[in-house]
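Structure assessment
Below are the chains, spelled out letter by letter.
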Amino acid sequence: METLVFAVFAFLAVASAIAVVAHRNPVYSTMSLVVTLFSVAVLFVMLGAPFLGVIQVLVYAGAIVVLFLFVIMLLNIQAEEMPQGGQMAQRIASILGAVVFAGMLGLVFWRTMQPNSPPLTEELVSLRNLSRELFFEYLLAFEMIGLLLLVAVIGATVVARRPQQADTTEDWAASGDAPRVDGARSEPHINPETGDRVAARAGRS
Amino acid sequence: MSYVPSDLIAVVAKLAVMLGFILTVVPVMVWVERRGSALIQDRPGPNRLGPLGLIQPLADALKFMFKEDVTPSAADKPLYLAAPALALLPALSTICVIPFGPDLVVNGETHRLVIADVPVGVLLFLALSSLGVYSLIVAGYASNNKFSLLGGIRASAQLISYELALTVAVLAVLMPVGSFHLADVVSYQREHIWNVVPQFVGFVVFLIASFAETNRLPFDLPEAESELVAGFHTEYSAMRFASFFMAEYAAMTALSALGVTLYFGGWSLPGVDLDGWLGALVGLITLVVKVAICMAVFVWIRWTFPRFRYDQLMRLGWKVLLPLALLNLIVIAALTVAGWL
């Protein structure tokens, strides 16, 4: 019974993972990713780590991939618009990534093949043990990851804001006026896409 | 796995009880919703078929079965057909972690009255129900209709926002209990007091967020009919539409059962301590009655509140509910550490 469940979900995980990278339609790729995450979660549960499995579904399949879909649908990316092939830098990056991943996988295999490696017990991956390790042994790394995510959020906000400011600055420059950060007066020459925001900002101050 | 079914009959019986419950709820709720809305709007409502119109849901179901099943030619077929099934799956599976009675001893074997007695029950519920959003998004995308797409996009943003507040509110319940096991949550409330008293703020957050999670008015933005026709299920007809309909009520039932278990003592009643078959029966009936009261509140709220605007919805989720839930979490954590809970 357990072998059968393992076989089904191991197959599903690999097949859907291939579909994630191979499918042309981004929505299908994302949905395949959900299947991959769910299958791997089932494997976690079978290894005696139900907490890890459930958290994987809750956080990744239930929240993060939903945001992927949100972005794909908001931008309405179609299969035909996807870049064909890819640039040189992209290829080098993908080869580097594959090498690093293969190395990590090899390390894991090599370590578990050692005769004196500790067996994977339920005690080792129990909720209590997991949280103790996370909040005592690896507290610094844990907090650093949180900080890293915060930096990513701030970075995304900055990147999303910059073009808008550049646009308005150009418009001010084009109309022969100095850029006014406080927006004390509304401009006659306004970019139609950002115009309402500029006007709103001027109105507030 | 820690749980191995020792007796197949027991598992099948438990499945029959809970699935029977959740599937019976759907037609009953259709009747309650239609008659309830009529009551609130001061009109008779469907009253022709059977006493008080009780046979009406059967007629509705027959109508759905015999309607033409239309698939738009521009639809993304595989995803379009998968979406209704994706809606029903999480709604029906989440009920498996809800305990519905005290331990039952049959022929010397102890059975826990819950379908899946897993140590991370609450998280499993939240994880499975969080997968429900895919049906809305996929339906919205695959229909190839701008109203559906807008509904799907709204659903994804709304559910992510409110899931956060909901999860944090649930976390505050689990802290004094010290376990993810829903059976432990119930026994904790039997020893102390219903969680709704010490965790009233958390309960209010949970209640509001559960309306958003089940897409019920005042938060039914993904299908807001005044602006999006019918939102994500605009293109669906016949039984496929009925699947979404059933999934909505099943999800409401499951979430009500979770809320009742977390805040209102689940199957237990204060002062009542029965065991054996009588205890099991009383436990099940208590749970059903409590869930029924919650469902009545769902209907009552739906027909008395106007719909929120989308920006109001997002502001409420991120600027009011989430900070409130976090504050509740901090206070409960402090009280737990101080040993007052």
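Since this is a predicted model, take the numbers as computed values, not measurements.

Reading guide: rules and limits
- Residues numbered from 1 in each chain as written.
- Chains lettered and ligands numbered in written order.
- Predicted model: local features only at pLDDT ≥ 70, side-chain atom pairs only at ≥ 80, totals over all residues.
- Helix = DSSP H or I, 4+ residues; strand = E, 2+ residues; numbered from the N terminus.
- Rg over C-alpha atoms; globule rule 2.2 N^0.38 Å.
- Buried ≥ 20, exposed ≤ 12 C-beta atoms within 10 Å, placed from the backbone.
- Contact = placed C-beta atoms within 7 Å.
- Axes fitted to C-alpha atoms, helices over the stretch in contact; angles between N-to-C directions.
- Parallel < 35°, antiparallel > 145°, perpendicular 65-115°, else oblique.
- Left-handed = near helix turned anticlockwise from the far one by under 90°.
- pLDDT = per-residue confidence, 0-100.
- Core = buried A, V, L, I, M, F, W, Y, C linked by C-beta atoms within 7 Å.

1. Concerning the overall build of chain B
- Along chain B, the regular secondary structure elements total twelve helices and two strands.
- Scanning chain B from its N terminus toward the C terminus, one meets helices and strands in the order α-α-α-β-β-α-α-α-α-α-α-α-α-α.
- Taking 341 residues into account, the globule formula puts the C-alpha radius of gyration at 20 Å, and chain B, at 21 Å, falls close to it.
- Counting only C-alpha atoms, chain B reaches 60 × 45 × 45 Å along its principal axes.
- Taken over 341 residues, chain B has a buried fraction of 47%.
- For chain B, the proportion of contacts with a sequence separation of at least 24, taken over those separated by at least 6, is 78%.

2. Points about the overall build of chain A
- Counting secondary structure elements, chain A contains seven helices and zero strands.
- In chain A, the succession of helices and strands from N to C terminus is α-α-α-α-α-α-α.
- Residue burial in chain A is summarised as follows: out of 205 residues, 14% are buried.
- Taking contacts inside chain A between residues at least 6 apart in sequence as the whole, the part at least 24 apart equals 40%.

3. Details of the interface of chain A and chain B
- Tallying the contact residues gives 20 residues for chain A and 22 residues for chain B.
- Sorting the residues of the side of chain A that touches chain B by element identifies α2 (26–46) and α3 (50–75) of chain A as the ones contributing at least two each.
- Among the elements that make up the side of chain A that touches chain B, the one with the highest residue count is α3(A) (15 residues).

4. Notes on helix α5 (residues 133–142) of chain B
- Most of α5(B) is tucked away, with ten of its ten residues classed as buried.
- When α5(B) is considered as a whole, its buried residues turn out to be V133(B), Y134(B), S135(B), L136(B), I137(B), V138(B), A139(B), G140(B), Y141(B) and A142(B).
- As for α5(B), its buried residues are in contact with α2 and α3 of chain A together with α3 (77–93), α4 (121–130), α6 (146–177) and α10 (238–263) of chain B.
- Following α5(B) by one or two positions, N144(B) has its phi on the positive side, about 55°.

5. So, the packing of α3(A) against α6(B)
- The interhelical angle for the contact between α3(A) and α6(B), taken along N-to-C directions, is 150°, at an axis separation of 10 Å. It follows that α3(A) is roughly antiparallel to α6(B) by the angle criterion. Here the hand of the crossing between α3(A) and α6(B) comes out left-handed. On the side of α3(A), the interface is formed by A63(A), V66(A), L67(A), L69(A), F70(A), M73(A) and L74(A), while α6(B) contributes L149(B), G152(B), I153(B), S156(B), A157(B), I160(B) and E163(B).

6. Here we look at the environment of F38(A)
Residue and element names in this part refer to chain A.
- Position of F38 relative to the elements: it lies in helix α2.
- Since 21 C-beta atoms lie within 10 Å of it, F38 is described here as buried.
- Each C-alpha atom of the pair F38 and A13 lies 8.0 Å from the other, and the pair is 25 residues apart in sequence.
- Not counting chain neighbours up to four residues away, the residues in contact with F38 comprise V57 and A61.

7. Some remarks on the confidence of the model for chain A
- Taken over all residues, the pLDDT of chain A has a mean of 76, while the share at 70 or more is 73%.
- Across residues 170–205 of chain A the pLDDT falls below 50, and counting only partners more than four positions away or on other chains, this stretch makes 31 contacts in the model.

8. Regarding the nonpolar core
- Core analysis: the largest hydrophobic core is formed by 119 residues, its most contacted members being V138(B), A169(B) and A209(B).
- The element best represented in this core is α6(B), accounting for 16 residues.
- Dropping the residues within four chain positions of it, V138(B) is found in contact with M31(A), L79(B), A82(B), A83(B) and L86(B).

9. Points about unusual backbone geometry
Residue and element names in this part refer to chain B.
- With phi around 60°, D42 is a residue other than glycine that occupies positive phi space.
- Within the secondary structure layout, D42 lies in the loop between α1 (8–40) and α2 (56–66).
- Look at N215: it is not a glycine, yet its phi comes out positive at around 60°.
- Looking at the element boundaries, N215 is found in the loop between α8 (200–213) and α9 (225–228).

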